[in-house]
Structures are given as structure tokens and as C-alpha cells.
Amino acid sequence: MTDIQHIPSLDPDNWDNFRARAHQMLESAIDQMAHAGEGRVWTEPPDDLKTLPPIPVQGDAAQTDTQMKALLPYGVGNTHPRFFGWVHGSGTPSNIIADMVAGAMNANLGGRDHGAIYIEKQVVSWCKAMFGFPETASGLVVSGTSIATLIALKSARDRMNNFATRASGVQPGLVGYTSTQTHSCVARTFDMLGLGSDALRKIPVNDAFEMDTVALQAAIDADRAAGLTPFAIIGTAGAVNVGAIDDLDTLADIAATENLWFHVDGAFGATAILSDKIKPRLTGLTRADSIAFDFHKWLHVNYDAGFILIRDEDAHRRAFSERPDYLAAADRGLAAGNPWPTEYGPELSRGFRALKIWAQLSEHGTDKLGQLITQNCNQAQYLADKVNADPAFELCAPVALNICCFRFTAPDVDLSRLNAEIVIQLQLDGVAAPSTTVLNGNTVIRVNITNHRTAYSDLDILLKATHSIGTKLVLERSFATT
Ligand SMILES: *Cc1c(COP(=O)(O)O)cnc(C)c1O
């Protein structure tokens, strides 16, 4: 029988042409990474990139490739050695190779018995080893710490009433505890879980921006006295503002005494367990019930790649597992390989993120990755020392890890507005890309170094440019208060 009306498939008519296209794009991609350290950090996207053309009705391969190539220079800048904003990983060229293999396999890691699943199992097992979790723990590769947090706290919430919540809805009165420095994804998780963000108590911090554990205990006592049901403590290893690490051991003690789930947001900080210098400060991680962290930040896997590690495999699976008839398990054949990853998170279809994580660890090893983390911490301290040595600058928080917060100072100036403007001008000039945050009511320049390409000289360039922009703005009497 012949097709009545033949429609060409999506495969190329001519594989030689396809090979040529792919090779060309691969060359462009490698060039992009090879020159990541040169030129401007960030460039505002041109207007033609911001236009919204109609959806293509007839496709055009050549034009598609041209447009993708033109896109390459307009990244966020995080591959550049002087990108210091927020907490961004800088990526590695090798990821291009892993992404090619993942693209060729087009694997769905929701479940079933196939090669990719075993790569993710290796990653899960490596993560348990990294944090000293038992073999019986469970884990899942996810898009990032935000989703990892959701998975952990849903498991914690549902375990509270033996998973009845899954059918009957949220039990009232559940409350959890974290610090005022905690990332916003934790409050958003409380919101998404139907607990409400008010049920997340924000405990004040000490001078080092770490959770005040005396205030924590008092808050738990007060909530119990009021008839509420505490269920979780959320500590942070590497808080966004200044990189503070909560006193994880004391938090673990309180969680154990109070019978609470101890979750740690370790988005970037937890991975500092690979650094000989930082590891002794992270011993409490081994006692956590769950750790959420990212591979796309300090371990430089390309976006996106996060992970959730959970001590109580049973709670993790029972919070998510759902096996209707069409997803039934089998002992043999494609439906084997149980339990499936979909039983540990909200997604059914899942891409092969695990491969780029696996390849990163396999190619570079934990020693080198750990040394790079140590180097970034030393660089943050170097920057703080230079800031302290220059009267035009003021250090705004102690360096806890890899983040240095400082500001340019001058008399009779609105320093918050001045420093916010300095950061914008640094970004617009393309010379460096720090971001800002607010500490003790003041807007400050925040330099986060999660970047394996950063050299000490890049920090000298940053300070010099900051100094000259600050001086110029003050001379122009911008933001003067008198
Ligand atoms: C980045 C970050 C998050 C959010 O992680 P995503 O991977 O962006 O979802 C949470 N907590 C901390 C401390 C972070 O730095």
C-alpha cells in the first residue's frame, strides 16, 4: 500500500547537508565558548531580537541557523570571567558534547528500562556519597533548587499525616521555620503547597547573617503553645545575600529534639562540600533530612541542572508515586527498572539532564571542582581586603563564602542610589556585571564569585572601574543630598 498523500518527515532529505549544517553550528558554539573571556560581559539585545514575528507556516532551515548564530553573543554574560551578578554558574565547553549525545538519544527519563536511567542512577548514588547520605536515601535530578525545595517540603508535609493529605487536602495549622536571609523559593513553596507563606516563620539573624537559633527555639515553643503544628526547619548553606551558612549542627539538634523535618537550601553553598577549605563548616549537612542544590551554579553544569536528595526514600516516593494502569510496572521488558523517577517528583516526561551532570563529574572529578570553589572563596576575601584598604570603599558584610558586598562612599550623597547607579553603569559599559542587594537598609554592590574563569586581575579591573564611575558620579553631584 502506498501513501495517498506523501508528507515529508522531519528528517533531512540529505544527510550530507545536515552534517554540514551541524558542523558549522558546532564550530560557532565552540568559538563562542573559546572566546568567553573576551569582550564585553553583557550587551543589551538589539531591537530586531526583541520583535515578535508571526509563527512560521513554511519553515526555512538556512534562516533558522542564521538567526540562532546571531543569537550567540546575547547571553546574560555568565560565561564571562567578570560576571558577578546574583548566583550564576559559568558553564563549561564540554557540556556541548554531553548535550549532543542527549540530543541524539532524545531519552525520556520519566521511567522505563533504558540506558539513560542508569546514568541518572549513578548521579543519584554520587550525590548520596557526596553528602554522606545512606544508600537507602533517594534523589532526583531536577531543573533547580526551587523545584527541589518543593519536592522536599511536599514530602515533609505529607509525612505529617501519613500521606492522607494527598487525597484529603492540606491539614490546617502546619508551620515551618527559616531565617530572614532565606531565598524566596522557600516562601513560594509554602504558598504552592497550600500552607500559605505566612506559615513560614522568618527567624531573625545574628551579625553574621546566620539564623538566631535561640529565637528559633522560642518561635517553635510559642507556636506549640498556640496549638499549631511545627513540621520543618529550613536552614541555608550559602544564603543569597552574603553567602552565610546557618549553624547546621544546632539546627539539626533542634529538629531532632522537636521531631521536625530538617531541610537545607544549599543551592550553591552545599556543593562547597567538595572544597577542603569549606567542608569542615558543612558537616551538619550530613544530618539533614533533605538537601536541595544546583549543579548549574558552583559546579558549572550548563543550565538547567538541580538536585533533591532525601533521606527517607519511603516518604519521598509516597509523596509523589502514582501508577495508573497505563504506567504499570513490570519485572521484564521496557516497563521494568522500577521504581521510576516519576515516582519521586511532579514530572512524568523528563529530559536527560543527568547526562551533562554525569559528564561534568566524570570528566573533571570532584577534586578539581572543589579546588575551583576554594579559589572563588579566596578571591572574595582578596576583594574584601582590597576594599578595606581603600577609603573610598566600605565593606558591608563579612565575607562568609564567595560573596563580597561593599559600596562606594562619599559625603553628602544618597549612597544607596549612587551604588545602584554604579552597578547599572558597570553593566552598561560591559566591563563587569555585579548585582545589588540591600543590607541593613542600604543598597550595596554585591559581587558573587561562582566562576571558574575569574582571575584575581578581574577583581582589580572591577574595583578600578567602580572607583572611576563612582568618582565621576560624585563630581557630577548625582544623588547629592546637600
Ligand atoms: C539560586 C538559589 C535558589 C533557587 O535555585 P534555582 O536553581 O534558581 O531554582 C535557592 N536558594 C538559593 C540560596 C539560591 O542561591
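See the structure printed just above.
Residues numbered from 1 in each chain as written. Predicted model: local features only at pLDDT ≥ 70, side-chain atom pairs only at ≥ 80, totals over all residues. Heavy atoms only, no water.

Colleague: Please explain the pairing of strand β2 (residues 174–179) as it appears in this structure.
Modeller: Looking along a regular strand, one sees the side chains alternate between the two faces of the sheet. Burial runs high along β2: six of the six residues are buried. Here β2 shows two buried faces, one formed by Leu174, Gly176 and Thr178 and the other by Val175, Tyr177 and Ser179. By the bridge criterion, four bridges tie β2 to strand β4 (residues 229–236) in an arrangement that is parallel. Looking at the pairing, Val175 lines up with Pro230 of β4. (Buried < 20%, exposed > 50% of the residue type's maximum accessible area, 1.4 Å probe, protein only. Helix = DSSP H or I, 4+ residues; strand = E, 2+ residues; numbered from the N terminus. Pairing = 2+ DSSP bridges.)

Colleague: Explanation requested: the site of the ligand in the structure shown.
Modeller: Among the 13 residues in the neighbourhood of the ligand, the closest are listed as Ser146, Asp265, Asp294, His296 and Lys297. In this structure, an oxygen atom belonging to the ligand sits 3.0 Å away from a side-chain N or O atom of His296. For the ligand, whose unbound accessible area comes to 380 Å², protein coverage reaches 85%. Counted by class, the shell around the ligand contains four nonpolar, six polar and three charged residues. (Near = heavy atom within 4 Å. Polar contact = N/O pair within 3.5 Å; in protein donor to acceptor, adjacent residues only side chain to side chain. Areas by Shrake-Rupley, 256 points an atom, 1.4 Å probe, with all protein chains shown as cover. Nonpolar A, V, L, I, M, F, W, Y, C, P; charged D, E, K, R; others polar.)

Colleague: Hey, could you run me through the sheet that holds strand β10 (residues 435–439) in this one?
Modeller: Strand pairing in a sheet is mediated by backbone hydrogen bonds. Such pairs are either parallel or antiparallel. What the four strands build is an open sheet, ordered β8-β9-β11-β10; its pairing is antiparallel. The sheet is open, and its two borders are formed by β8 (393–395) and β10, each paired with just one other strand. Averaged over all adjacent pairs, the angle separating strand axes in this sheet is 45 degrees, with direction ignored. Bridge count for β10 against strand β11 (residues 442–448) is five bridges, and the pairing is antiparallel. For Thr436, the partnering residue across the bridge sits in β11 and is Ile445. Against the sheet, helix α12 (residues 353–388) makes contact with β8, β9 (403–408) and β11, and its axis sits at roughly 20 degrees relative to β9, the strand it touches most. In the packing of helix α14 (residues 456–475) onto the sheet, contacts are made with β8, β9 and β11, and the angle to β9 comes to roughly 25 degrees. (Axes fitted to C-alpha atoms, helices over the stretch in contact; angles between N-to-C directions. Contact = heavy atoms within 4.5 Å.)

Colleague: Explain the sheet that holds strand β7 (residues 306–310) to me, please; I cannot follow it from the model alone.
Modeller: As summarised here, the arrangement of the seven strands in space is β1-β7-β6-β5-β4-β2-β3, forming an open sheet in which the pairing is mixed. The outermost strands of the open sheet, each flanked by one partner alone, are β1 (138–142) and β3 (200–203). This sheet shows a mean twist of 20 degrees between the axes of neighbouring strands, independent of strand direction. Across five bridges, the pairing between β4 and strand β5 (residues 261–265) is parallel. Paired with Ile233 across the two strands is Phe262, which belongs to β5.

Colleague: Would you mind going over the packing of helix α4 (residues 94–105) against α12 with me for this structure?
Modeller: The axes of two packed helices give the description: the angle between them and the distance between them. The contact between α4 and α12 brings their axes to 9 Å, and the two run at 135 degrees. Between α4 and α12, the angle is such that the two are oblique. The two elements α4 and α12 cross, and the hand of that crossing is right-handed. On α12, the residues touching Ser94, Asn95, Ala98, Asp99, Val101 and Ala102 of α4 are Leu355, Lys356, Ala359, Gln360, Glu363 and His364. Among the residues making up the contact of α4 with α12, the classes are represented as five nonpolar, four polar and three charged. (Parallel < 35°, antiparallel > 145°, perpendicular 65-115°, else oblique. Left-handed = near helix turned anticlockwise from the far one by under 90°.)

Colleague: When you look at the layout of surface pockets in this model, what are you seeing that I'm missing?
Modeller: A water-sized probe rolled over the atoms picks out the places where empty space is left. Looking at the largest pocket, its volume works out to about 980 Å³. Lining the largest pocket are 36 residues, with Gln32, Leu71, Leu72, Pro73 and Gly75 positioned closest to its centre. Here the element with the most residues in the lining of the largest pocket is helix α1 (residues 15–34); it accounts for seven residues. Its residues assigned to classes, the lining of the largest pocket comprises 17 nonpolar, 14 polar and five charged. Of the volumes computed, that of the second largest pocket is approximately 380 Å³. Lining of the second largest pocket is provided by Trp15, Phe18, Arg19, Ala22, His23, Met25, Leu26, Ala29, Ile96, Met100, Gly103 and Ala104. Among the secondary structure elements, those contributing two or more residues to the lining of the second largest pocket are α1 and α4. Among the elements that make up the lining of the second largest pocket, the one with the highest residue count is α1 (eight residues). Of the residues in the lining of the second largest pocket, the class split is nine nonpolar, two polar and one charged. (1 Å grid on protein atoms, 1.4 Å probe; cavity = no way out; pocket = protein on both sides within 12 Å on 5 of 7 lines; lining within 4 Å. Points joined across faces, edges and corners; volume = space filled by probe spheres on them.)

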